[in-house]
Amino acid sequence: LGVSCVIKYLSDQIDKNIGIYNLVLHAGDLSYAEWWAWVWDMWVQEIVPLAGRVPYMVSLGNHEYDYPGQEYTESWTNYGSDSGGECGIPTYKRFDMPWIPESDIWWYSFNYGNLHIVVLSFEHNFTHDSPQWVWLNNDLTSVDRSSTPWVILCTHRPFYSSGDAPSDQVMSDHFRSEMEDLIYQNGVDLVLAGHYHNYERTCPVYKGNCVEKGPIHVVAGTAGIEIGDQWDYPPPSWSMFRMANFGHVHFTAHNSTSLEFVFVGCNDGTVHDTFWINK
């Protein structure tokens, strides 16, 4: 499976003192235990080569949290029973993420070097004036760009994906209608997501159109349980590159004006996609 392949590759790189892996962001759907406690135990042991050496930061996915009757739901949401009854509890007990009163650990932000990293939960209410929306607005408007010039947003479910999943596309439509103005107006540089078991990169995009300045969205669901879409249909105009292959992404903010991003296959380290964001 992808997780074994990716962890072996990354731990090998750390063993070689490559020095480019200082922090891990895992964009949800962590262990796929779905209430089988032994799967959690095995998965936690599997990530020890990484989590025992560098900060391992997580966001919440549907396979950690979703359950019938969960606190927030709408007629158009597709929350189901994907957590197998976990309801987020094993994730909450295992991961000590930055805590804020409005959310416990479900959404939060932190600074790491010259990065300001924001983690959201689309398994909770994200609509305008919800606690999460208000918190995000306050967080983004208070970023000190002199010390953290790069703003990275991480969530499990993506704003943009060309995956063939109608109910997920309805969710993405609502993510964009509720939050896209917020992240665009506050100059978010990069949005990372998972959920779809593939890799896809957009242009700098706003309201479905490529723009000169705007966040680049990346779906990086390639280190998980299986590979998904193979796409037998053309990409939308905002989709610059997509691929169904196990791997991971890494990015380096070299300074306040240049960020390098790479998608690496886990079998042999082949670079499948790369781009730079220059300010």
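Look up: the structure comes first, before these words.
Cut-off values and rules
Residues numbered from 1 in each chain as written. Predicted model: local features only at pLDDT ≥ 70, side-chain atom pairs only at ≥ 80, totals over all residues. Heavy atoms only, no water. Helix = DSSP H or I, 4+ residues; strand = E, 2+ residues; numbered from the N terminus. Rg over C-alpha atoms; globule rule 2.2 N^0.38 Å. Buried < 20%, exposed > 50% of the residue type's maximum accessible area, 1.4 Å probe, protein only. Contact = heavy atoms within 4.5 Å. Lys, Arg positive; Asp, Glu negative; His and termini not counted. Charge placed at Lys NZ, Arg CZ, Asp CG, Glu CD. Pairing = 2+ DSSP bridges. Axes fitted to C-alpha atoms, helices over the stretch in contact; angles between N-to-C directions. Core = buried A, V, L, I, M, F, W, Y, C linked by side-chain atoms within 4.5 Å. 1 Å grid on protein atoms, 1.4 Å probe; cavity = no way out; pocket = protein on both sides within 12 Å on 5 of 7 lines; lining within 4 Å. Points joined across faces, edges and corners; volume = space filled by probe spheres on them. Nonpolar A, V, L, I, M, F, W, Y, C, P; charged D, E, K, R; others polar. Salt bridge = Lys/Arg side-chain N within 4 Å of Asp/Glu carboxyl O. Expected span 1.5 Å × (residues − 1). Bend = angle between axes of the 7 residues up to and from the residue. Disulfide = S-S within 2.5 Å. Polar contact = N/O pair within 3.5 Å; in protein donor to acceptor, adjacent residues only side chain to side chain.

**Student:** So, the overall build of the chain: which residues are in play, and what are the values?
**Tutor:** Secondary structure summary: the chain contains six helices and 13 strands in total. Rg of the C-alpha trace for the chain: 18 Å, near the compact-globule value of 19 Å for 279 residues, within the 12% margin. Each principal axis of the C-alpha atoms in the chain carries an extent, and together these give about 45 × 45 × 45 Å. A buried classification covers 53% of the 279 residues belonging to the chain. Of the contacts made within the chain by residues no fewer than 6 positions apart, 65% connect residues no fewer than 24 positions apart. The positive charge centre, built from 13 side chains, and the negative charge centre, built from 34, are 7 Å apart in the chain.

**Student:** Now, about the sheet that holds strand E13 (residues 271-278): what can you tell me, with residues and values included?
**Tutor:** Whether parallel or antiparallel, the strands of a sheet pair through hydrogen bonds between backbone atoms. Read from one edge to the other, the open sheet built from three strands follows the order E11-E12-E13, with strand pairing classed as antiparallel. Both edges of this open sheet fall to strand E11 (247-253) and E13, since each of them pairs with a single strand only. Averaged over neighbouring strand pairs, the angle between their axes works out to 15° when direction is ignored. Here seven bridges tie E11 to strand E12 (residues 258-265), and the two strands are oriented antiparallel to one another. Paired with Ala253 across the two strands is Leu259, which belongs to E12.

**Student:** Lay out the nonpolar core in plain terms, naming residues and giving numbers.
**Tutor:** Note on soluble globular proteins: their nonpolar side chains tend to be buried together. Judged by nonpolar contacts, the single largest core of 76 residues is most densely connected at Phe159, Leu190 and Phe261. Of all the elements, helix H1 (residues 2-15) adds the most residues to this core, at six residues. If near-sequence neighbours (up to four positions away) are discounted, Phe159 is found in contact with Phe122, Leu153, Ser172, Phe175, Arg176, Met179, Glu180, Ile183, Val191 and His217.

**Student:** Would you mind going over the layout of surface pockets in detail, with residue names and values included?
**Tutor:** In this model, the second largest pocket occupies a volume close to 340 Å³. In this structure, the second largest pocket is lined by 14 residues; those nearest its centre are Asp189, Glu212, Lys213, Gly214 and Ile277. In terms of residue count, E13 provides more of the lining of the second largest pocket than any other element does, three residues in total. Here the residues of the lining of the second largest pocket are counted per class, giving seven nonpolar, three polar and four charged.

**Student:** So what about the side chain of Asp29? Which residues, and what values?
**Tutor:** Inspection of the secondary structure assignment puts Asp29 in the loop between strand E1 (24-26) and helix H2 (37-51). Here Asp29 occupies a buried position and makes no salt bridge, while the nearest side chain of opposite charge, Arg157, is found at 7.8 Å. The contact partners of Asp29, leaving out residues within four places of it in the chain, are Gly61, Asn62, His63, Glu64 and His156.

**Student:** Describe in detail helix H6 (residues 166-185), supporting the description with residues and values.
**Tutor:** Look at H6: 28 Å from first C-alpha to last across 20 residues, which is about the 28 Å you get at 1.5 Å a residue. Met179 marks the point of greatest bend in H6, at about 55°. Every buried residue of H6 is accounted for by Asp168, Met171, Ser172, Phe175, Arg176, Met179, Glu180, Leu182 and Ile183. Those residues of H6 hidden inside the fold are in contact with helix H5 (131-141), strand E5 (150-154), strand E6 (190-193), strand E7 (199-206) and strand E9 (216-220). Count one or two residues on from H6 and you reach Gly187, which has phi positive near 70°.

**Student:** Can you explain empty space enclosed by the protein? Please cite residues and give values.
**Tutor:** Applying the stated rule across the entire model yields one cavity of 30 Å³ or more. In this structure, the largest cavity encloses a volume near 50 Å³. Along its surface, the largest cavity is lined by Val58, Ser59, Leu60, Thr91, Met97, Ile105, Trp106, Tyr108 and Val119.

**Student:** Before we move on, can you summarise the state of the cysteines with the specific residues and values?
**Tutor:** Considering all chains together, one arrives at two disulfides under this definition. Disulfide pairing places Cys5 opposite Cys266 at an S-S distance of 1.8 Å. On the sign convention where negative means left-handed, the S-S torsion of about 110° between Cys5 and Cys266 marks this disulfide as right-handed. Within this pair, whereas Cys5 is found in helix H1, its partner Cys266 is found in the loop between E12 and E13, the two being separated by 261 residues in sequence. As far as the burial class goes, Cys5 and Cys266 line up, both buried.

**Student:** Go over the pairing of E11, please, and point to the residues and values.
**Tutor:** Of all seven residues that make up E11, five are buried, and the element is covered over most of its length. Following E11, the chain reverses through four residues before pairing antiparallel with E12.

**Student:** So, the side chain of Ser83: which residues are in play, and what are the values?
**Tutor:** Among the structural elements, Ser83 can be located in the loop between helix H3 (62-65) and helix H4 (89-94). By relative accessible area, which is 0% here, Ser83 ends up buried. At 3.2 Å, the side chain of Ser83 and the backbone nitrogen of Cys87 are in polar contact.

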